[in-house]
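Per-entry structural report
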Amino acid sequence: MFIYYFIFIIIIIIFILYYNIKEPFTISPTNNNTPTHISDYSIQKIPGGLENITVSPNGNYIYGTIGNSTIYYRKGLNGSWQSIPGSLKQVSVSDSNEIWGINILDQVYYKKNNTDWILIPGGLKSINISGNSKYIIGTAGDDTVWYRNGINQGWMLDPMGSRLSQMSITQDGSYIWAIHSDNRIYYKKGFNGTEWTRDPFQSITGTMKYIQVSPDGEIIWAIDTNNKLFYRLGING
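Values in this document were obtained by computation on a predicted structure and should not be read as measured data.

Quick notes on the confidence of the model for the protein chain
For the protein chain, the average pLDDT comes to 85, and 82% of its residues sit at 70 or higher. Contacts of residues 13-41 to residues separated by more than four positions or lying in other chains number 46 contacts, the stretch itself having pLDDT below 50.

Following this line, the structure appears as structure tokens:
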């Protein structure tokens, strides 16, 4: 489990830098528990500077972007950064190195390993792929929620009419955590086999501006409007 914690600590550090925090961040539990899961580990600074970063759940593939253009990649923690062709503002990668991304025009692109980028019909402002590559979720400019089953199926609109600004999905696609444009937190069961569950998003107490769920769904990290870092242990934390 350590690799999951370490990967998500790296992700949160990058987003702290992205949101222009002027003072050291604070790690706080969202309940009365002591944050023991990370207290025994030192946070390591990784050479380089990025505004957006994504890590495959198995830790083998790391991608990041600077501004709305340059894309960088490294082969796991021990690799080195190298630029790759393309111009994107946000990317998301799976365990099999399938990458989905969006550019400054909210156009959607897809590639796997060393293939060329493929333009995918549709427009999204944020995107997230499950670790098993089976499920892709995203939010459009009007905050509508879209999903699809892999590269071969088209986009489907959430039939519940949900409106969200950012989402994060577990490794197997079974759970989704999300943020509304007013910073409210939401949660729902994601996919059941190939089917998008019709369970509505449930409101969770608290407000955050960014959220990330671990691959196994057991830890949720979030940054609040005061740029403090919080975590909770699953839905019942």
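There is more to say after this.
Some details on the sheet that holds strand S9 (residues 118-123)
Pairing within the open sheet is antiparallel, and its four strands lie in the order S6-S7-S8-S9. Each edge of the sheet is formed by a strand with only one pairing partner; in this case those strands are strand S6 (90-93) and S9. Mean inter-strand twist for the sheet, computed between neighbouring axes without regard to direction, equals 25°. Relative to strand S7 (residues 98-102), S6 is paired through four bridges, and the arrangement is antiparallel. By the bridge assignment for S7, Val 91 is matched with Gly 101.

Examining unusual backbone geometry
The backbone phi angle of Asp 143 is positive, close to 70°, even though this residue is not glycine. Residue placement: Asp 143 occurs in the loop between strand S11 (135-139) and strand S12 (145-149). Its identity as a non-glycine residue notwithstanding, Asn 227 has a phi of 65°, on the positive side. In this structure, Asn 227 sits in the loop between strand S21 (220-223) and strand S22 (229-232).

Re the environment of Trp 196
Counting through the fold element by element, Trp 196 comes out in strand S18 (residues 195-196). Separated by 38 residues in the primary sequence, Trp 196 and Asp 158 place their C-alpha atoms 8.3 Å from one another. Filtering out sequence-adjacent residues up to four positions away, Trp 196 remains in contact with Ile 137, Val 145, Tyr 147, Asp 158, Pro 159, Ile 176, Lys 188, Gly 190 and Phe 191. A polar atom in the side chain of Trp 196 sits 3.1 Å from the side chain of Asp 158.

So, how was this worked out
- Residues numbered from 1 in each chain as written.
- Predicted model: local features only at pLDDT ≥ 70, side-chain atom pairs only at ≥ 80, totals over all residues.
- Heavy atoms only, no water.
- pLDDT = per-residue confidence, 0-100.
- Contact = heavy atoms within 4.5 Å.
- Pairing = 2+ DSSP bridges.
- Helix = DSSP H or I, 4+ residues; strand = E, 2+ residues; numbered from the N terminus.
- Axes fitted to C-alpha atoms, helices over the stretch in contact; angles between N-to-C directions.
- Polar contact = N/O pair within 3.5 Å; in protein donor to acceptor, adjacent residues only side chain to side chain.

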